[in-house]
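# Fold and geometry: a report
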Amino acid sequence: MEPPKTLKSNIVLILDYGSQYTHLITRRIRTLSIFSLCISGTSSLKTITDLNPSVIILSCGPHSVHTPNSPSFPDGFVEYVEKNGIFVLGICYGLQLIVQKLGGAVAVGEKQEYGKMVIKVVKDCGELFGGGCVGEKHVVWMSHGDEAVSLPDGFEVVTSSEQGAVENKCRRFYGLQYHPEVTHSPKGMETLWHFLLDVCGVEAGWKMEDVMEEEIKVIRGMVGRQDHVICALSGGVDSTVAATRVHKAIGERLHCIFVDNGLLRYKEQKRNDVCLISAKVMSA
Ligand SMILES: Nc1ncnc2c1ncn2[C@@H]1O[C@H](COP(=O)(O)OP(=O)(O)OP(=O)(O)O)[C@@H](O)[C@H]1O
């Protein structure tokens, strides 16, 4: 069956199942100049479809697919991705979700794997590692308790160590049991890059600066041409970033107020004086 070719966007959507690495996956993909966005793994189908992603990554997480109410993608997800030709990559727990939901079986592993492992590419036809890679060995970082014991129809194991990587290229479902996003998997970024660009056809070219430009446009639209804005500025990361963005958008029409509430840390106001030159200081 030839998969549909109806990809419309360049968004890589990460569905978060609670791993400490999920935001790292999002960030690493952004460093490849590809826009990625992380939302809850239990988001509704409408939230997902509204974002119109071309690739969806199911993240890792601390759960077992066997635990009652363990998080999963919404009903209708598989039909939606297949109908729209969206590529799906499951990482660790994400792989186990794919296997379980598509008719395979996941069980508690005989031995739980944590740490450095070596996988070997065994399928030349596999897409995840490209052609001509058979025999290549990759050092990877594993962290999992469950493992896939039987794969859904049409899936192939593309690396040895059984738990390394699986794929069903007709249905556009792929899975990595290890963590490609961590530096302990030295070729992990290469694999992600190859997967997103060569397999999924995502175009790189997104820049962080583009987000800033967009934000500035939004802020200018919200404030209008003449209105002024007051910002409560603590000197912490959140309000400082917000103030910097608004200042870039509307300049002197932003008025920052720093409140000396009497409970500040030693010399905190003095320190803030240095960075918050334009803030008015009020004592409370
Ligand atoms: N001393 C202060 N003067 C002015 N505004 C403050 C002050 N303390 C807190 N605020 C405002 O309240 C918001 C929430 O404060 P909170 O202490 O919860 O810090 P936060 O959420 O970590 O934000 P930040 O990183 O900006 O400190 C701040 O972002 C800031 O807008």
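Quick caveat, the model's predicted, so the values are computed rather than measured. (Residues numbered from 1 in each chain as written. Predicted model: local features only at pLDDT ≥ 70, side-chain atom pairs only at ≥ 80, totals over all residues. Heavy atoms only, no water.)

A tally of regular secondary structure across the protein chain gives 8 helices and 12 strands. Burial status across the protein chain gives 45% buried among its 284 residues. Relative to all contacts within the protein chain whose residues are 6 or more apart in sequence, the contacts with residues 24 or more apart total 72%. Within the structure as shown, the protein chain displays about 15000 Å² of accessible surface, and the carbon and sulfur contribution to it stands at 54%. (Helix = DSSP H or I, 4+ residues; strand = E, 2+ residues; numbered from the N terminus. Buried < 20%, exposed > 50% of the residue type's maximum accessible area, 1.4 Å probe, protein only. Contact = heavy atoms within 4.5 Å. Areas by Shrake-Rupley, 256 points an atom, 1.4 Å probe, with all protein chains shown as cover.)

Once that is clear, we can look at the nonpolar core. Counting residues in each nonpolar core, the largest one holds 35 residues, and the members touching the most others are Val 55, Ile 57, Leu 89, Leu 128, Phe 129, Phe 195 and Leu 196. Residue assignment for this core shows that the elements contributing at least two residues are strand S1 (12–16), helix H1 (22–31), strand S3 (55–58), strand S4 (87–91), strand S6 (137–150), strand S9 (173–176) and helix H5 (188–199). By residue number, the principal contributor to this core is H5, which donates 5 residues. Membership of the second largest hydrophobic core comes to 26 residues, among which are Leu 15, Ile 39, Val 81 and Ala 148. (Core = buried A, V, L, I, M, F, W, Y, C linked by side-chain atoms within 4.5 Å.)

Time to look at the pairing of strand S11 (residues 254–260). Here strand S10 (residues 229–232) pairs with S11 via 4 bridges, running parallel. The residue of S11 that forms the bridge with Ile 230 is His 255. (Pairing = 2+ DSSP bridges.)

Model confidence for the protein chain is summarised by a mean pLDDT of 85, while 86% of its residues fall at 70 or above. The element-level mean pLDDT for the protein chain is lowest in helix H8 (residues 268–275), coming to 61, with S3 highest at 98. For the stretch residues 1–7, pLDDT sits under 50, and the model shows 20 contacts to residues farther than four places along the chain or on other chains. (pLDDT = per-residue confidence, 0-100.)

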